[in-house]
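# Per-entry structural report
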Amino acid sequence: MRWQRQVVGETGESAAGEQALPGLPGLVRSVRTPEFAGVVFHEVLAKSVLNRMPENSSMPFRWTINPYRGCTHACSYCLHGDTPVLMADGTTKPMAELRVGDRVYGTERRGSYRHYVPTEVLDHWSTVKPAYRVTLVDGTQLIASGEHRFLTERGWKHVTGEVSGPSRRPHLTAGNKLMGTGRFALPPKDTADYRRGYLSGIARGDGTVTSSERAAARVAEYLTGDFALTLPVEWPRTPTDEWRKGLLAGAFDADGTFSHRILRLPNLGDRALTAVTEALEAFGFSYAIESRRAAGGKSCVRIDGGLAEHLRLFHTTDPAATEKRAIDDAAIKSGAQLGVVSIEPLGLDLPLFDITTGTGDFIANGVVSHNCFARNSHKYLDLDAGHDFDSQIVVKVNAPQVLTRQLASPRWDRSPVAMGTNTDPYQRAEGRYRLMPGIIGTLAKHGTPFSILTKGTLLNRDIPLLRAVSADVPVWLGVSVALLDRELQRVLEPGTASPQARLEMVRRLNDAGLSCGVAVAPVLPGLTDSVEQLDALFSEIAAAGATSVMVTALHVRPGAREWFAAWLAREHPELVPLYRRVYGVSSYASAGYRAELSARVGPLLRRHALSTSRFDPPIPAQRSAETQNAGETQLTLL
């Protein structure tokens, strides 16, 4: 991430027009970066990070830690859902189909070169943005947002940008060369011809049986599954391309090797050698026959062309033995024609996708692509803040060090500490600042129990650490999942990880032996509160192994209620009378509605053997008009 110093002028405005906070205590600098358009990060040296709750607070905890004040939500780094991504087993998968926990290839710098290394998908989300088409010399076309970044021979560059002004940033121009192997080949079709070719390649005419379990499973499927073939399999007089692809895949699965960046197909008899070389020529592969390596009068074929051609062979033919297709540690250097020809706006807003990985990048259609840092979930409809909450982020950069000093005090009584009660500790900025590992380690070192409530699947990154410290102190984790309806989720929580991704994180946490509950919050009257919706959600939560559930109705504070009221009137005008009855002038749902919701939830929780959370915060008592601050105006919802 490139962080630029913000210059605070006499007007208190930065050069880019964002509000700066020159009077903020402990301010080190205010910075902005193209990765977070419209957001100012105020890095401060905090004097304290432990926050004591007021004595009259209804919350079930006394202390909180919030390393961030404010929360960023929108993400800018997206590719079209059809873009193939290189998986860690050498196969490809469309961007839209990736899931948290998948293993993909990223890169790691070692000396003068980057090298391919396996990494894990930590987050996956979608959004809708103006789309651009990047066309390369070799014909590769990449559909991406203007903010997406690709690795070039001169470093990371955005798809679009300006050469001067506040939007100035490194960006692609015609002639730039992207780094990678070049576009991925399309996989073969699962046709009868492909299957016949595969079985022919496995046997190579001599009846040899493969030692690969995955290949053996494919052979069994082709011989006993749906559309089963019968033996013997006849070799065609005039082979089709699909038969040739199957033949090459079978030959590789049988005895093929891919070691030290050399790909060989050995043990080929005369008929198999003729068929294999004819197939390679048909697809334009360069090869050499290594007769000196053969035994028993058989031949060995070496496929030339380096990593780019080896990947093209694997993707074109799709061998089942993915354990032999690894490219770990290969250097990123290729003669592929990856020069940029053009960058064109499509004039359309398209659904675009992105992921967060452990290495910070991934391979998209043969080129190295940058991902965002942790994609934090959008605060539900921006319910607890206005624009400044999104765009003015205070970062307590010394939080772990200050916490160490505070917990070392002899007055510290090791009371439980709650995190995620105000702002999400696993929001996007955490991917850059990495404050949470230090905070978690400090709490554990000083014997302090803690809880974390989050919507961000970046928590996956810290599972090993959380598991380790849970042996020393009690740890409670909560994940917010408000609904299952993907379409409604895209509207209400644009850009967030899917409910399924969050539930998978719950499953992984519990599999790691960590107590994890789910916050079903907020429940939206008339939209997500039906018995059928809650029953389906609780069923998925139970299947994920959640230890408890907290159910909370929608809370709309001033600053978000106006936005929500306008959205509701526009999208669901039939629900306006209901919300007037439930909320009136209050930020909280009425006691009557909460009682109705409780009556629905109770039987469902019992049906799915779910307990209510021990961290369930009760609804604060409603204040009378006389006790409200003099300058505060209580707004009606609608």
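These numbers come from a predicted model, not from an experiment.

### Description of the confidence of the model for the chain
Mean pLDDT over the chain works out to 81, with 81% of the residues at or above the 70 mark. Taken together, the stretch residues 1-23 has pLDDT below 50 and engages in 56 contacts with residues farther than four places along the chain or on a different chain. Contacts for the low-pLDDT stretch residues 73-77, under 50 throughout, to residues beyond four places or in other chains number 32 contacts.

### What about the packing of aromatic side chains?
To describe a pair of aromatic rings, you give the distance between the ring centres and the angle between the ring planes. The full count for this structure, using the stated rule, is 7 aromatic pairs. Ring pairing ties together the aromatic residues F252, F258 and F314, which thus form one cluster. For R312, the ring lying beneath its charged end belongs to F285, and the centroid distance is 3.8 Å.

### Description of the pattern of salt bridges
In the structure shown here, the tally under the stated rule is 25 salt bridges. Between R110 and E108 there is a salt bridge, with its nearest N and O atoms 2.8 Å apart. Because the salt bridges share partners, they merge into one network encompassing R264, E290, R302 and D304.

### Points about the sheet that holds strand β16 (residues 262-268)
Sheet strands line up and pair through hydrogen bonds in the backbone, either parallel or antiparallel. Ordered in space as β15-β16-β18-β17, the 4 strands form an open sheet in which the pairing is antiparallel. The sheet terminates laterally at β15 (257-259) and β17 (287-289), the two strands that pair on one side only. Each strand of the sheet is rotated relative to its neighbour by a mean of 25°, with strand direction disregarded. Sheet topology places β16 next to strand β18 (residues 299-303); 4 bridges connect them, and they run antiparallel. Looking across to β18, one finds that R264 is bridged to R302. Along the sheet, helix α5 (residues 306-317) contacts β15, β16 and β18; its crossing angle with β16, the most-contacted strand, is approximately 50°.

### Thoughts on the side chain of T448
Here T448 shows up in the loop between α9 (436-445) and β24 (450-454). Not counting chain neighbours up to four residues away, the residues in contact with T448 comprise L407, W412, R414, S415, V417, L443 and V473.

### What about the environment of A444?
Along the chain, A444 turns up in helix α9. Judged by relative accessible area, A444 falls into the buried class, the value being 9%. For the pair A444 and S470, spaced 26 residues apart in sequence, the C-alpha to C-alpha distance is 8.0 Å. If we skip the residues at most four places from it in the chain, A444 touches V469 and V473.

Rules and cut-offs
- Residues numbered from 1 in each chain as written.
- Predicted model: local features only at pLDDT ≥ 70, side-chain atom pairs only at ≥ 80, totals over all residues.
- Heavy atoms only, no water.
- pLDDT = per-residue confidence, 0-100.
- Contact = heavy atoms within 4.5 Å.
- Phe/Tyr/Trp six-rings, centres within 6.5 Å; stacked < 30°, edge-to-face > 60°.
- Lys NZ or Arg CZ within 6 Å of the ring centre and 35° of its normal.
- Salt bridge = Lys/Arg side-chain N within 4 Å of Asp/Glu carboxyl O.
- Pairing = 2+ DSSP bridges.
- Helix = DSSP H or I, 4+ residues; strand = E, 2+ residues; numbered from the N terminus.
- Axes fitted to C-alpha atoms, helices over the stretch in contact; angles between N-to-C directions.
- Buried < 20%, exposed > 50% of the residue type's maximum accessible area, 1.4 Å probe, protein only.

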